[in-house]
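Spelled out, the chains give:
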Amino acid sequence: MAMTCWQCRLTSFRPSLLRVSDFSRLLVLCFPVRCTACGERTYAFLPEFLKLRSRYNASRSRTSSKD
Ligand SMILES: [Zn+2]
């Protein structure tokens with residue numbers, strides 16, 4: 001079950017930068033992510049966050065090795 005952006009209904013997210021205000025979320029294992037389509041910032045639970053981070057890193061390293 002992939003998470004869905006509440007704004008545009010897409011399921012494409014990338015990890016977002018941590019802010020001080022995120023720490024209360026981190027305590028319940030929610031990590032900030034950003035929708036790649038509309039830029040909406042939301043939170044993902046740790047397993048989902050790790051999955052999309054590894055996907056994001058893999059796609060980034062594929063892109064950079066092409067250059
Ligand atoms: Zn969106």
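Up top you'll find the structure we're talking about.
Description of the structure in this document. These figures come from a predicted structure and were not determined experimentally.

Observations concerning the nonpolar core
Judged by nonpolar contacts, F13, V33, C35, A44, F49 and L52 together constitute the single largest core of six residues. When contributions to this core are tallied by element, the ones reaching two or more residues are β2 (30-35) and α2 (46-66). Those residues in contact with V33 that sit more than four places away from it in its chain are F13, R14, P15, S16, T42, Y43, A44, F49 and L52.

Re the sheet that holds strand β3 (residues 41-45)
Strands pair in a sheet through their backbones, by hydrogen bonds, and they do so in one of two ways: parallel or antiparallel. Strand order in this open sheet of three strands is β1-β2-β3, and the pairing throughout is antiparallel. Of all the strands in the sheet, just β1 (13-15) and β3 have a single pairing partner and so form its edges. Going across the sheet, the axis of each strand differs from the next one's by a mean of 50°, ignoring polarity. Two elements, β2 and β3, share five bridges in a ladder whose sense is antiparallel. The residue of β3 that forms the bridge with C30 is F45.

A few points about unusual backbone geometry
One can expect most non-glycine residues to show negative phi and most peptide bonds to be in trans. Backbone geometry at R9 places phi at a positive 70°, although glycine is not the residue there. Of note, R9 is situated in the segment before β1. Here L29, not a glycine, exhibits a phi torsion of approximately 60°, which is positive. Residue class for L29 comes out exposed when judged on the 12 C-beta atoms lying within 10 Å of it.

Re the environment of N57
Examined against the element boundaries, N57 turns out to sit in helix α2. Separated by 36 residues in the primary sequence, N57 and S21 place their C-alpha atoms 25 Å from one another.

Description of the environment of R19
Summarising the element assignment, R19 is placed in the loop between β1 and α1 (23-26). In sequence terms R19 and A58 are 39 residues apart; their C-alpha atoms lie 24 Å from each other.

Basis of the calculations
- Residues numbered from 1 in each chain as written.
- Predicted model: local features only at pLDDT ≥ 70, side-chain atom pairs only at ≥ 80, totals over all residues.
- Core = buried A, V, L, I, M, F, W, Y, C linked by C-beta atoms within 7 Å.
- Buried ≥ 20, exposed ≤ 12 C-beta atoms within 10 Å, placed from the backbone.
- Helix = DSSP H or I, 4+ residues; strand = E, 2+ residues; numbered from the N terminus.
- Contact = placed C-beta atoms within 7 Å.
- Pairing = 2+ DSSP bridges.
- Axes fitted to C-alpha atoms, helices over the stretch in contact; angles between N-to-C directions.

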